[in-house]
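Here is what each chain is made of, one letter per residue.
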Amino acid sequence: MTMTAPTETTAKPQPAETAGAPTVDPTELESGVRSYSRGWPAVFTHAKGSILTAEDGREYIDFFAGAGTLNYGHNHPELKQVVIDHYLEDRVVHGLDMFTDVRREFLQTFDEKILRPRGLDYKVAFPGPGGANAVEAALKLARKVTGRESVVSFTNGFHGMTLGALSVTGNSMKRGGAGIPLVHATPMPFDDYFGQVIPDFMYLERLLTDGGSGLNKPAAVIVETVQGEGGINAARAEWLRGLAALCKEHEILLIVDDIQMGCGRTGGFFSFEEAGIEPDMVTLSKSISGYGHPLALTLIKPELDIWEPGEHNGTFRGFGPAFATATKAIELFWGDDEFEKATIAKGAYVESRFNRIAAKHPEHELIVKGRGLARGLQMPSGEIAGAIAARAFEEGLLVETSGPSDEVVKLLPALTIPEELLEKGLDIIEAAVDEALASA
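The structure contained in this document is the topic of the report that follows.

Reading guide: rules and limits
- Residues numbered from 1 in each chain as written.
- Predicted model: local features only at pLDDT ≥ 70, side-chain atom pairs only at ≥ 80, totals over all residues.
- Heavy atoms only, no water.
- Helix = DSSP H or I, 4+ residues; strand = E, 2+ residues; numbered from the N terminus.
- Salt bridge = Lys/Arg side-chain N within 4 Å of Asp/Glu carboxyl O.
- Buried < 20%, exposed > 50% of the residue type's maximum accessible area, 1.4 Å probe, protein only.
- Core = buried A, V, L, I, M, F, W, Y, C linked by side-chain atoms within 4.5 Å.
- Contact = heavy atoms within 4.5 Å.
- 1 Å grid on protein atoms, 1.4 Å probe; cavity = no way out; pocket = protein on both sides within 12 Å on 5 of 7 lines; lining within 4 Å.
- Points joined across faces, edges and corners; volume = space filled by probe spheres on them.
- Nonpolar A, V, L, I, M, F, W, Y, C, P; charged D, E, K, R; others polar.
- Pairing = 2+ DSSP bridges.
- Axes fitted to C-alpha atoms, helices over the stretch in contact; angles between N-to-C directions.
- Parallel < 35°, antiparallel > 145°, perpendicular 65-115°, else oblique.
- Left-handed = near helix turned anticlockwise from the far one by under 90°.

## Focus on unusual backbone geometry
- One non-glycine residue, cysteine 263, lies in the positive phi region at around 60 degrees.
- Looking at where cysteine 263 falls in the secondary structure, it is placed in the loop between β10 (253-257) and β11 (281-284).
- We note that aspartate 406 has phi near 55 degrees; this positive angle belongs to a residue other than glycine.
- As for its placement among the helices and strands, aspartate 406 is situated in the loop between β16 (400-402) and β17 (408-411).

Here it is in structure tokens:
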């Protein structure tokens, strides 16, 4: 690996003034629905680059990056200056879908530096502040365009927690939280679900062509090219091309959910670039703002843009600082292909380290997964993966698990992470794996 970067440091937190102030235990006051704080029982106060600092002064390497929201790291200095200037100059913060200069500048920059160089022609809809909003908009529009109700999703897919997005999500625990039947969605096997035993799309194609199958012709197919929450399952380029061809043959709209895997996570700005396909719709959120600000896009082929004014809307679909930082992030990182090359190189390094770890423990049949800087190491069980993540936290590393049984140690570091921090974090993981498997 030939990457170089300066060592990152954070400003040391100062003791809080607590004399005479009431003490609130957040574990008692906050809802039991909280999640990440259970595995990482620290109170974080500062963040810079790929380092998070807790109020006791301890630093943690971040291999989580806000679940893929912080592809450019925490508080990138040039992006931070954009935020500061935006507020100091009394620029528009809340604008719904009114015209603002920062909205216009984002659209122009996105078109000139992202869409046109890739030969992509999309209309841009701002559906609301989060990824689930983008998915809901895509599903609604697909049904409106086609006049059909059914949507095909894939095993172990994850698309959000609102009811429409949840209906095309595979996780049974999350689906169970809906409290009502989740209908008008049909799951199909994701790439390699049957271990190459069954030819690609044999089941789906048969259902589509058999008048007795009982499958209503779908409005759309929604897919992640790399399933993040599902266990870092990366679809092969030829599988994605086959899916796109099948959708075109049967006049079914193809939606690529690029919320976690877009904005450079797999190398190219869009995760589907490698496969050479052009989805009918694309959903983006998480890292699109560049700074962790809420922002989401639904990209739509122009001929599909048949919305009535206000037919899909949201109060927070025009957050000015998010437009400003999104524009700056594109200018900083996507003017050429150097950032993409660096991400691919870092991802190859992680893959090589994971392969080495797997080779040390052949009896446990560890599986190395992923693309770019979305990487996973599948363990024999969720208990072992959880023990590894817990041990990593003790050693100063934030890393999560994913998969149907949380059996995959999942890496989503910032794409800007310096070489020395990437190596140090992987050293921690390797030691944690050795320790966990020794006692398994």
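Structure shown, so let's carry the discussion forward.
## Structural notes on the pattern of salt bridges
- Using the criterion set out here, one finds 25 salt bridges in the structure.
- The residue arginine 371 makes a salt bridge to glutamate 274 at a minimum N-O spacing of 3.8 Å. Placement of the pair is arginine 371 in strand β13 (residues 367-371) and glutamate 274 in the loop between β10 and β11, with a sequence separation of 97 residues.
- Note on arginine 371: relative accessible area 11%, which makes it buried.
- In this structure glutamate 274 comes out as exposed when scored by relative accessible area, which is 53%.

## Here we look at the nonpolar core
- Phe63, Phe110, Phe270 and Leu284 are the most contacted members of the largest nonpolar core, which totals 88 residues.
- With nine residues, the top contributor of residues to this core is helix α14 (residues 419-438).
- In contact with leucine 284, not counting residues within four places along its chain, are Phe110, Ala134, Asp258, Ile259, Gly262, Cys263, Phe269, Phe270, Leu295, Ala296, Leu297 and Leu299.
- The next biggest cluster of nonpolar side chains, apart from the first, holds 20 residues, and it includes Ala219, Ala220, Ile222 and Ile255.

## Description of the layout of surface pockets
- Counted as a void, the largest pocket has a volume near 1,500 Å³.
- Lining of the largest pocket is provided by 50 residues; of these, Ser35, Tyr36, Lys174, Glu229 and Glu400 occupy positions nearest its centre.
- Counting only elements with at least two residues in the lining of the largest pocket, the list comes to α2 (36-39), α6 (131-146), α8 (172-176), α13 (382-394) and β16.
- Considering each element in turn, the lining of the largest pocket owes the most residues, four residues, to α13.
- Taken together, the residues that form the lining of the largest pocket break down as 18 nonpolar, 25 polar and seven charged.
- The space that makes up the second largest pocket amounts to roughly 580 Å³.
- Lining the second largest pocket are 20 residues, with Asp97, Arg103, Val124, Ala125 and Phe126 sitting closest to its centre.
- The set of elements that each furnish at least two residues to the lining of the second largest pocket consists of α5 (101-115) and β4 (123-125).
- The residue makeup of the lining of the second largest pocket, split by class, is nine nonpolar, three polar and eight charged.

## Observations concerning the sheet that holds β13
- One open sheet holds the four strands; their spatial order is β13-β14-β17-β16, and the pairing between them is antiparallel. The two strands at the open ends of the sheet, each matched to only one other strand, are β13 and β16. The average undirected angle you get between the axes of adjacent strands in this sheet is 30 degrees.
- Both β13 and strand β14 (residues 374-378) contribute to a ladder of five bridges, which runs antiparallel. Bridging from a neighbouring strand, isoleucine 367 pairs with glutamine 378 of β14.

## Structural notes on the sheet that holds strand β2 (residues 51-54)
- Pairing within the open sheet is mixed, and its four strands lie in the order β1-β2-β3-β15. Since the sheet does not close on itself, it has two edges, and those belong to β1 (44-48) and β15 (397-398), each with one partner.
- Across three bridges, β2 lies against strand β3 (residues 59-62) in antiparallel orientation. Across the sheet, leucine 52 pairs through a bridge with tyrosine 60, a residue of β3.

## Remarks on the packing of α5 against helix α11 (residues 320-333)
- Contact geometry for α5 and α11: axes closest at 9 Å, N-to-C directions at 25 degrees. With respect to their mutual orientation, α5 and α11 come out roughly parallel. Classified by chirality, the crossing of α11 by α5 is left-handed. On the side of α5, the interface is formed by Val102, Arg103, Glu105, Phe106, Thr109, Phe110, Lys113 and Ile114, while α11 contributes Gly320, Phe323, Ala324, Ala326, Thr327, Ile330 and Glu331.

Scope: geometric values only; no functional claims are made or implied.
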